[in-house]
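Here's the letter readout for the chains.
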Amino acid sequence: MELIKEKEHQTNQDQEQTHQDYKLPHISKHWVKILRLKGKSHLKIPRMLTSYEKILFIAAIAISIYFSYRNFSAVFKAIKGGKEERVNFKFWLGIQAFFFQRPVFKARFITSLFHFFVVWAFIIYAFVNLQDALRGYFENFNLFGKTPLQLGFNFVADVLSLLALLSVTYFGIRRFVYKDKRLQFPENVPLHENAKSGISRDSLIVLIFIFTHVFSRVLHQAISLESPDLSQPFASSLSLLLSPLPENLKVFLEHVFWWLALGSILAFFPYFPFSKHIHLFFAPIRWSVRRDKPYGYLEPLNLMEKMQEEGGEEETFGAIKITDLPWTSIMDSYACIMCNRCQDVCPANFTGKPLSPSALIINLRYELNEKLFDISKTRTIMDFAINEDALWACTTCGACVEICPVGNEQLYTILQIRRGQVLMEGKEVGLSNAYKGMENQGNPWNMPESDREKWLDGLEVKRAYEGNFDVLYWAGCAAAYDQRYSKVARNFINLLKSAGIEVAVLGREERCTGDSARRTGNEYLFEILAIQNVETLNSYKPKVIVTSCPHCYHTIKNEYPDFGLDPNIKVYHHTEYLAMLIREGKLRVEKGKKKYVFHDPCYLGRHNGVYEEPRFILKLSGENLEAERSRERSFCCGAGGGRMWLEEKLGKKINLERTEELLGKDPDEIVVGCPFCMVMITDGVKAKGLSPEKVKDISEVISENLKG
């Protein structure tokens, strides 16, 4: 008996010494009791919070909710501070974008995959955090009880925890160690003064939060396990590493990790509205309210009507300040993930211009955050978000909108700012001659209106006023005044006649559609032209309108209905109509030996989704090659958005960059389907010392290979 008592005494002394080794200063008597355990080895590790902790956690929740509500409310108020805009809520589109992440996978597959893991960890952790919080109050609480579903939930949470930790490690290395250039901005791009340091700081805070939250939760699970759990392989492997720790220290660390896991959430949520992490909430919403119109479409301002109104309130047309933007454009700032994918594909940025669609949206975010509780104090947009060179470098190609993983419409914001500069500030930036030509002569070349029918000399074709025709051919200004494209228009009319189609033209009754005016912000001029053209078209009531210009095609088809164009009129681009005639057997094409590479026009492809018809024609005519950047990823020729009429002074010429890419496929001919592209690519070919005959319109390819 004495020997047993002596051993028990020695054991107690050893335990006392062990507890002293791990004794922590300034802790409550309750924790002293738990840490010492008083030799009671049968005492289970507590899974619940102490009474004091329960009270403290409820207080922490209340504080977090208060500040989170205040800050989130300020964000929603800022968004509502924008101009009203009619939207159709497409919740299913937002749900798909959030859960399946398909828009994210359009580029950067590896990065997108890691982002996918983080998003799903975020989704699952909403339930994990709820379960862990309730476990603090109810011992051994499980969301799904003692069921196989709970085991599955544990497994998914455990695996996603590991993947999330790997993902944030990847993102941290990519941004702060490897310093991926795609996450940087060129030196000539305007950046908000707070963005320069804020982007890196914000990214670091988010990464630290995610890592701390997830890893603390895994450690809490690991140290709580009494034995390895097959449904939690990652936590079980860590539990083996932690198993040598004394029970008293495990008890203490279990509570510490619980507080780090859930406390980090409570601490981060008030900061959420100021961080880029807020895109997790707004990206699905942004997708849900995204316009179902082509990217370059603009809502009419109805300036002519408003000018006739008397006593109307003074109104800002376009955007001078942030609050002049539509509320959906303000939401772009909070949906933005700052990934710079839009900058990657921007032809202006790619060739050294100071435009970055990403920087524009990010600059708006930092200005809003700085004045979030009183957005009336925000500065004019041109003072902090974008400069004149950047604003007018945009070709309105829509590549930024196409690639954006969160559904932002950067182009729409740029067009609103352009409207403000032209309509409110009177800026013309070198477009005065084009504007004067459209207004006085009906064409941006500023050529005499009396010369509009010269391209028809010697061509037997009806005028619309003669009546009885199947198709009204909208020639456009290029066909009328550009010698090279006049040949394309004449060739197309001959193809229609070969197919037995009765075609007519407007001749001198046709005026510029106003595309360049609208895309450069001169809405007043656009309305004048649109109203005149719609009146002319409706007077002849054509069943079908065909045009060779994608810009005319886009404007007539998508925007003229806002000004009263008969909705029963069908509008086709000539590639669509020619493909239809071939399918119907009215035109027969034989396969030749030439190799073609097709340059997708932005306003035919990205803006209006016409990709297959040109390729259908080229595959019948010869060998069709695909450019490195084609279809929805096509690289702009550089002439859209009014750039046709502006000199390109900064960086490499966009048309030369595109021409070099197309020539890199070693084609016999470069094929285009747009008069602007014809001019720009031909200039690029000539700059490379090659014959301009190397560039053909797709209708000319058909004529070269036409049977009989």
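As the structure is a computational prediction, the values presented were derived from the model and not from experiment.

Colleague: I'm lost on empty space enclosed by the protein in this one. Help?
Modeller: It is a probe the size of a water molecule, rolled over the atoms, that shows where empty space is left. For the coordinates displayed, the defined rule picks out seven cavities of 30 Å³ or more. Within this model, the largest cavity holds a volume of roughly 530 Å³. Along the wall of the largest cavity there are 31 residues; nearest its centre are His115, Phe171, Lys276, His279 and Ile337. Here the lining of the largest cavity gets five residues from one element, more than from any other, and that element is helix 10 (residues 279–288). If you add up the space inside the second largest cavity, you get close to 140 Å³. Around the second largest cavity sit 16 residues that line it, and Cys477, Cys512, Cys549, Cys552 and Phe676 are the ones nearest its centre. Elements with a contribution of two residues or more to the lining of the second largest cavity: helix 20 (476–481), helix 22 (515–519), helix 24 (550–559) and helix 28 (675–687). When residues in the lining of the second largest cavity are grouped by element, the largest group, three residues, is from helix 20.

Colleague: Help me understand the sheet that holds strand 7 (residues 623–625), please; the structure alone is not making it clear to me.
Modeller: What links the strands of a sheet is backbone hydrogen bonding, and the strands pair in either a parallel or an antiparallel sense. Strand order in the open sheet made by the four strands is 7-6-8-9, with parallel pairing throughout. Each edge of the open sheet is held by one strand with a lone partner, namely strand 7 and strand 9 (695–697). Sheet twist, expressed as the mean angle between neighbouring strand axes with direction ignored, is 35°. With three bridges connecting them, strand 6 (residues 595–598) and strand 7 associate as parallel partners.

Colleague: I tried to follow the sheet that holds strand 5 (residues 570–573) on my own but got confused; where do I start?
Modeller: Read from one edge to the other, the open sheet built from five strands follows the order 1-3-2-4-5, with strand pairing classed as parallel. What marks the edges here is a single partner per strand, and that holds for strand 1 (462–463) and strand 5. Of the strand pairs in this sheet, strand 4 (residues 544–547) and strand 5 are connected by four bridges, and their pairing is parallel. Bridge pairing links Thr547 to His573 in strand 5.

Colleague: I'm lost on the pattern of salt bridges in this one. Help?
Modeller: Two side chains that carry opposite charge are able to pair once their charged atoms sit near each other. All told, the structure shown has 45 salt bridges when counted by the stated rule. The residue Glu299 makes a salt bridge to Arg86 at a minimum N-O spacing of 3.6 Å. Remark: Arg86 occurs in the loop between helix 3 (51–80) and helix 4 (91–100) and Glu299 occurs in the loop between helix 10 and helix 11 (303–308); sequence separation between them is 213 residues. We classify Glu299 as partly exposed; its relative accessible area is 25%. Its salt-bridge partner being Glu559, residue Arg519 comes within 2.8 Å of it at the nearest N-O pair. Of the two residues, Arg519 sits in helix 22 while Glu559 sits in helix 24, which places them 40 residues apart along the sequence. Looking at Glu559, the relative accessible area reads 0%, which means it is buried. If you follow the salt bridges from partner to partner, you end up with Arg629, Lys652, Glu657, Arg658, Glu660, Glu661 and Lys688 in one network.

Colleague: Please explain the packing of aromatic side chains as it appears in this structure.
Modeller: Geometrically, a pair of aromatic rings is defined through the distance of the ring centres and the angle of the planes. One pass over the structure, following the stated rule, counts 33 aromatic pairs. Aromatic side chains Phe76 and Phe282 sit 5.4 Å apart centroid to centroid with 50° between the ring planes, which places their arrangement in the tilted category. A residue pair is termed long-range when its members are at least 10 positions apart, and Phe76 in helix 3 and Phe282 in helix 10 qualify at 206 residues. The class of Phe76 is partly exposed, set by a relative accessible area of 41%. Note on Phe89 and Phe91: the rings are 5.7 Å apart at their centroids and 15° apart in plane angle, and the pair reads as stacked. By relative accessible area, Phe91 is classed as exposed at 55%. Grouping aromatic residues by their ring pairs yields a cluster made of Phe72, Phe122, Phe209, Phe268, Phe269, Tyr271, Phe272 and Phe281. The aromatic ring of Tyr297 is capped on one face by Lys293, whose charged end is 4.9 Å from the ring centroid.

Colleague: It is not clear to me how helix 21 (residues 483–498) should be interpreted in this structure. Could you clarify?
Modeller: In an α-helix, one turn spans 3.6 residues, which is why side chains three or four residues apart end up on the same side. With 16 residues, helix 21 should cover 22 Å at 1.5 Å per step; its first-to-last C-alpha distance of 23 Å lies within 8% of that length. Of the residues making up helix 21, those classed as buried are Tyr485, Ser486, Val488, Ala489, Asn491, Phe492, Ile493, Leu495 and Leu496. In the segment just after helix 21, Gly500 is the residue with positive phi, at about 80°.

Colleague: Explain the confidence of the model for the protein chain to me, please; I cannot follow it from the model alone.
Modeller: Should the pLDDT be low somewhere, the predicted coordinates at that spot are not to be read in detail. On average, the protein chain scores 90 in pLDDT, and the residues at 70 or more come to 93%. Counting contacts from residues 1–46, a segment whose pLDDT is below 50, to residues more than four positions away or on other chains yields 32 contacts.

Colleague: Would you explain the state of the cysteines in this entry?
Modeller: Joining two cysteines, a disulfide is a covalent bond between their sulfur atoms. In total, this model carries zero disulfides according to the counting rule given. Cys346 carries a free sulfur, and the closest cysteine sulfur to it, the one in Cys397, is 6.4 Å from it. Of the residues examined, Cys346 reaches a relative accessible area of 6% and is grouped as buried. The closest cysteine sulfur to the non-disulfide-bonded Cys404 is located on Cys342, 6.5 Å from its own sulfur. We classify Cys404 as buried; its relative accessible area is 5%.

Colleague: Would you explain the nonpolar core in this entry?
Modeller: Most often, soluble globular proteins keep nonpolar side chains buried together rather than apart. Ranked by size, the top nonpolar core spans 183 residues in total, and within it Tyr334, Leu355, Ile381, Trp455, Tyr473 and Tyr577 carry the most contacts. In terms of residue count, the dominant contributor to this core is helix 7 (residues 195–224) (eleven residues). Leave out the neighbours within four places in its chain, and Trp455 touches Tyr473, Ala475, Ala479, Ala480, Ser486, Ala489, Arg490, Ile493 and Val505. Core analysis: the second largest hydrophobic core is formed by six residues, Leu49, Phe57, Ala133 and Trp258 among them.

Rules used in this analysis
- Residues numbered from 1 in each chain as written.
- Predicted model: local features only at pLDDT ≥ 70, side-chain atom pairs only at ≥ 80, totals over all residues.
- Heavy atoms only, no water.
- 1 Å grid on protein atoms, 1.4 Å probe; cavity = no way out; pocket = protein on both sides within 12 Å on 5 of 7 lines; lining within 4 Å.
- Points joined across faces, edges and corners; volume = space filled by probe spheres on them.
- Helix = DSSP H or I, 4+ residues; strand = E, 2+ residues; numbered from the N terminus.
- Pairing = 2+ DSSP bridges.
- Axes fitted to C-alpha atoms, helices over the stretch in contact; angles between N-to-C directions.
- Salt bridge = Lys/Arg side-chain N within 4 Å of Asp/Glu carboxyl O.
- Buried < 20%, exposed > 50% of the residue type's maximum accessible area, 1.4 Å probe, protein only.
- Phe/Tyr/Trp six-rings, centres within 6.5 Å; stacked < 30°, edge-to-face > 60°.
- Lys NZ or Arg CZ within 6 Å of the ring centre and 35° of its normal.
- Expected span 1.5 Å × (residues − 1).
- pLDDT = per-residue confidence, 0-100.
- Contact = heavy atoms within 4.5 Å.
- Disulfide = S-S within 2.5 Å.
- Core = buried A, V, L, I, M, F, W, Y, C linked by side-chain atoms within 4.5 Å.

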